[in-house]
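Chains, contacts and geometry: an overview
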Amino acid sequence: MDEEKEMVAALKQLWGMGLNPVLVARKEPRLVAVTKHRGEMDTWGQSVSMGIRCGQQPMGLSLMVLAFADAAIFAQWQLLATAAIYPSLLVASNTHTYHVYLFTGPEYVGCTLAGRYEARNGHARLVPSITLLGRGQRVAVVGSGDVPYHFPIGKGYDDIPLVTIAEYEMLLALCRRFDRRTPTASCAFAVGGRSVYVMG
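Residues numbered from 1 in each chain as written. Predicted model: local features only at pLDDT ≥ 70, side-chain atom pairs only at ≥ 80, totals over all residues. Heavy atoms only, no water.

The next point concerns the overall build of the protein chain. Regarding its fold elements, the protein chain presents three helices and 13 strands. Taken across its 200 residues, the protein chain has 46% of its residues classed as buried. Of the contacts formed within the protein chain by residues at least 6 apart in sequence, a portion of 67% connects residues at least 24 apart. Approximately 10600 Å² of the protein chain is accessible, and the part contributed by carbon and sulfur atoms is 53%. (Helix = DSSP H or I, 4+ residues; strand = E, 2+ residues; numbered from the N terminus. Buried < 20%, exposed > 50% of the residue type's maximum accessible area, 1.4 Å probe, protein only. Contact = heavy atoms within 4.5 Å. Areas by Shrake-Rupley, 256 points an atom, 1.4 Å probe, with all protein chains shown as cover.)

Turning our eyes to something else, we now look at the packing of aromatic side chains. Following the criterion strictly, the structure yields eight aromatic pairs and no others. Measuring from centroid to centroid gives 4.1 Å for F74 and Y98, while their planes differ by 10°, and the two rings are stacked. Of this pair, F74 sits in helix α2 (residues 71–84) while Y98 sits in strand β7 (residues 98–104), and the two are 24 residues apart along the sequence. Comparing F74 with Y98 shows no difference in burial state: the two are buried. (Phe/Tyr/Trp six-rings, centres within 6.5 Å; stacked < 30°, edge-to-face > 60°.)

As paired elements, strand β5 (residues 62–68) and strand β10 (residues 123–133) share four bridges and run antiparallel to each other. Along β10, the bridge assignment pairs V65 with L133. Relative to β10, strand β9 (residues 111–120) runs antiparallel, the two sharing nine bridges. Looking at β10, one finds that A114 is bridged to I130. Between β9 and β10, which pair antiparallel in sequence order, lie two residues; one of them, N121, sits at a positive phi of approximately 55°. (Pairing = 2+ DSSP bridges.)

It is worth spelling out the nonpolar core at this point. Of all hydrophobic cores here, the largest spans 27 residues; its most connected members are L66, F68, W77 and V100. Within the residue set of this core, elements represented by two or more residues are β5, α2, β7, β9, β10 and α3 (165–176). When residues of this core are assigned to their parent elements, the largest contribution, five residues, is made by α3. Apart from the residues within four sequence positions on either side, V100 is in contact with M64, V65, L66, F68, F74, W77, L89, L90 and V91. In this structure, F103, L133, V141 and V142 belong to the second largest nonpolar core, which totals 22 residues. (Core = buried A, V, L, I, M, F, W, Y, C linked by side-chain atoms within 4.5 Å.)

In structure tokens form, the structure reads like this:
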């Protein structure tokens, strides 16, 4: 019961910050509840884990997350990004993967920004190294889950930077430098419910 109360309190805090908290079933990767009213969260139980829905937030901005699955690639990317574009990126990490949080004005559709193909059972399998989590996708809440992510000491969701369209595009361009696929990945941004694709 204490765990459930802590979860509800954390979700209400996120909602109060203007973010869009969601719950996902622990035994299968499907969304089971999205809050529209803070009171609804009191009915959520322990059978779910916490997340934040990316894309448009109640506060009016769009939350986008760059998910890095390769520590070596992230280290190289971070050096380039902080030196050339944006020095105050907010990063959450666990034992081997990283989430970079960004606020943007437009809402973007998620995609694989960088990866490689490897042969398995006679078929080419995509192994993503950098993924953009965008509209409708979920990012794990910091501190929750079996292998939780953590912000640096003293940092939190209040520190997510708002980047311009130009800065956002440059950050994604740096991600595509690590892509080992052909052709280069494409992503999209949402316009009036449609997805408009931009080739990298």
